[in-house]
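Chain residues, written in single-letter form:
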Amino acid sequence: HMAFEGLTERLQKAMEKLRRKPKVTEADLRETMREIRLALLEADVNFKVVKDFVKTVREKAAGAEVLKGLNPAQQIVKIVNDELTEMMGETATPLNKSAHIPTVIMMVGLQGAGKTTTAGKLAKHLKKEENARPLFIAADVYRPAAITQLQQVAASIDVPVFEMGTDVDPVEIVRQGMEVAKEKHNDYVIIDTAGRLQIDEQLMEELAKIKELAKPDEILLVVDAMTGQNAVNTAQGFDDQLDITGVVLTKLDGDTRGGAAMSIRAVTGKPIKFVGEGEKMDNLDVFHPDRMASRILG
Ligand code: GDP
């Protein structure tokens with residue numbers, strides 16, 4: 001993973017240094033923890049998350065009497081690996097599913113985060129994995145181009161779009177779209193909502209109304225990994241207002257240090273369910289925190 005190269009390199013170096021010691025002293029452990037702390041901060045991991053992480057690793061290392069045991073370096077590597085995994089959320093978290101069709105997925109996020117693209121990727125993923133028959137609802141009425149963009153994405157993966165142009169209240173669009181999905185027995189409804197440049201009250205009120213009406217099984221927040229700590233703050237903001245159920249972290253293929261991927265779960269308590277790694281409809285992957293943690297440690 002490009003995003004984690006810097007971090008991987010630094011952590012490996014710290015661990016290698018530890019491994020070469022015939023005996024690990026209290027001072028060596030302190031030095032290693034200092035290096036890990038700096039590596040995480042450098043990777044743009046949230047300050048408080050780093051602090052808690054280092055504290056936990058240090059306590060576990062002390063509690064396990066690691067320094068007196070066999071292979072202390074190896075044991076510390078294991079503790080770091082376990083904690084990294086825990087910090088990112090252990091195993092993959094699947095999409096919530098309704099007991100009866102349709103399962104309703106509401107996509108939310110700031111403008112440009114990759115909401116519409118991700119809606120398309122997700123529909124394609126569901127078609128491929130479950131032979132699903134999703135319906136999109138175009139509920140972004142503020143940018144005329146948004147509907148056209150959704151239609152283009154939808155056409156490329158052969159998924160229908162319910163839209164009513166830009167002159168109708170988005171809540172009404174969603175209401176009618178849900179009716180259509182019921183009539184046509186679509187098993188998934190994916191609602192593409194409006195985004196703004198930043199979180200504002202009007203947007204949140206509208207999203208809350210859509211949520212109340214559609215009772216989504218899944219509110220997926222789409223955030224751009226390249227925005228680093230802003231992605232974490234955005235996630236916190238949306239979660240406070242809407243109680244999101246999961247996060248899709250996009251543009252992990254870009255020039256990002258990966259800190260958002262490692263902080264969002266710890267800060268918000270909400271899982272990253274998917275990651276976007278390119279502009280194409282196939283560039284969506286289920287997020288596996290455990291695999292990511294092992295890869296980061298190299
Ligand atoms: P929206 O405003 O949130 O609906 O964002 P869009 O879906 O229009 O995406 C904004 C831009 O980001 C587009 O140019 C997308 O192609 C691009 N994009 C979305 N996801 C990814 C990703 O995972 N990787 C890369 N490199 N680009 C992405």
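Cut-offs used in this document
- Residues numbered from 1 in each chain as written.
- Predicted model: local features only at pLDDT ≥ 70, side-chain atom pairs only at ≥ 80, totals over all residues.
- Heavy atoms only, no water.
- Near = heavy atom within 4 Å.
- Polar contact = N/O pair within 3.5 Å; in protein donor to acceptor, adjacent residues only side chain to side chain.
- Areas by Shrake-Rupley, 256 points an atom, 1.4 Å probe, with all protein chains shown as cover.
- Helix = DSSP H or I, 4+ residues; strand = E, 2+ residues; numbered from the N terminus.
- Nonpolar A, V, L, I, M, F, W, Y, C, P; charged D, E, K, R; others polar.
- Pairing = 2+ DSSP bridges.
- Contact = heavy atoms within 4.5 Å.
- Axes fitted to C-alpha atoms, helices over the stretch in contact; angles between N-to-C directions.
- UniProt positions renumbered as here; feature names shortened; annotations may be inferred.
- Salt bridge = Lys/Arg side-chain N within 4 Å of Asp/Glu carboxyl O.
- Buried < 20%, exposed > 50% of the residue type's maximum accessible area, 1.4 Å probe, protein only.
- Expected span 1.5 Å × (residues − 1).
- Right-handed = clockwise from strand over helix to strand, strands pointing away.
- Parallel < 35°, antiparallel > 145°, perpendicular 65-115°, else oblique.
- Left-handed = near helix turned anticlockwise from the far one by under 90°.

## Quick word on the site of the ligand
At step 1: Taken together, 18 residues surround the ligand, and among them G112, K115, T117, D253 and E279 come closest.
At step 2: In this structure, an oxygen atom belonging to the ligand sits 3.0 Å away from a main-chain N or O atom of K251.
At step 3: Taking E277, its main chain carries an N or O atom lying 3.5 Å from an oxygen atom of the ligand.
At step 4: Relative to its unbound accessible surface of 590 Å², the ligand loses 80% to contact with the protein.
At step 5: By residue number, the principal contributor to the shell around the ligand is helix 5 (residues 115-130), which donates four residues.
At step 6: Classifying every residue of the shell around the ligand gives two nonpolar, nine polar and seven charged.

## Here's the deal with the sheet that holds strand 7 (residues 272-276)
At step 1: The strand order across the open sheet formed by eight strands is 3-2-4-1-5-6-7-8, and the pairing between neighbours is mixed. Strands with a single pairing partner mark the edges of an open sheet, and in this sheet they are strand 3 (161-162) and strand 8 (284-286).
At step 2: The pairing of strand 2 (residues 134-139) with strand 3 spans two bridges and is classified as parallel. Across the sheet, the residue bridging to F136 is V161, located in strand 3.
At step 3: Lying over the sheet, helix 7 (residues 170-184) contacts strand 1 (103-109), strand 2, strand 3 and strand 4 (188-193), oriented at roughly 165° with respect to strand 2.

## Concerning the UniProt feature "domain: SRP54-type proteins GTP-binding" (unreviewed entry) in the protein chain
At step 1: The positions that UniProt labels "domain: SRP54-type proteins GTP-binding" (unreviewed entry) are, in the present scheme, residues 271-284.
At step 2: The distance separating the terminal C-alpha atoms of residues 271-284 is 16 Å; by composition the span is 0% helix and 43% strand.

## Details of the pattern of salt bridges
Any two side chains of opposite charge can pair, so long as their charged atoms come close to each other.
At step 1: Evaluated as defined, the whole model comprises 18 salt bridges.
At step 2: Here E130 ties to K97 by a salt bridge, and the two come within 3.1 Å at their closest N and O atoms. On the criterion of sequence distance, the pair formed by E130 in helix 5 and K97 in the loop between helix 4 (72-88) and strand 1 is long-range, its members being 33 residues apart.
At step 3: Connected through shared salt-bridge partners, K17, E31, R34 and E35 make up one network.

## A short note on the side chain of T234
At step 1: Following the sequence through the fold, T234 ends up in helix 9 (residues 229-242).
At step 2: Look at T234 and you get buried, because its relative accessible area is 12%.
At step 3: Once residues lying within four places of it in the same chain are set aside, the contact partners of T234 are L110, I199, L221 and V223.

## Structural notes on helix 5
At step 1: Taking 1.5 Å as the rise per residue, helix 5 with 16 residues should run 22 Å; its terminal C-alpha atoms sit 22 Å apart, in good agreement.
At step 2: Here helix 5 has its buried residues at K115, T116, T118, A119, G120, K121, L122, A123 and L126.
At step 3: Positive backbone phi, approximately 55°, marks N131, located one or two places after helix 5.

## Topic: the pairing of strand 7
At step 1: With five of its five residues buried, strand 7 lies for the most part within the structure.
At step 2: Where strand 6 (residues 246-250) meets strand 7, three bridges bridge the pair, whose relative direction is parallel. Bridge pairing in strand 7 links V248 to F274.
At step 3: For the handedness criterion, the β-α-β arrangement of strand 6, helix 10 (residues 259-268) and strand 7 is classed as right-handed.
At step 4: Bridge count between strand 7 and strand 8: three bridges; the pairing is antiparallel. Opposite V275, over in strand 8, you have D285 as the bridge partner.

## Thoughts on the packing of helix 1 (residues 5-19) against helix 4
At step 1: With their axes 9 Å apart at the nearest point, helix 1 and helix 4 run at an angle of 155° to one another. Overall, the two elements helix 1 and helix 4 adopt an arrangement that is roughly antiparallel. Note that helix 1 runs across helix 4; the crossing there is right-handed. Of the residues in helix 4, those touching helix 1 at L11, M15, L18 and R19 are A73, I76, V77, V80 and L84.
At step 2: Each residue belonging to the contact of helix 1 with helix 4 can be placed in one class, and the counts come to eight nonpolar, no polar and one charged.

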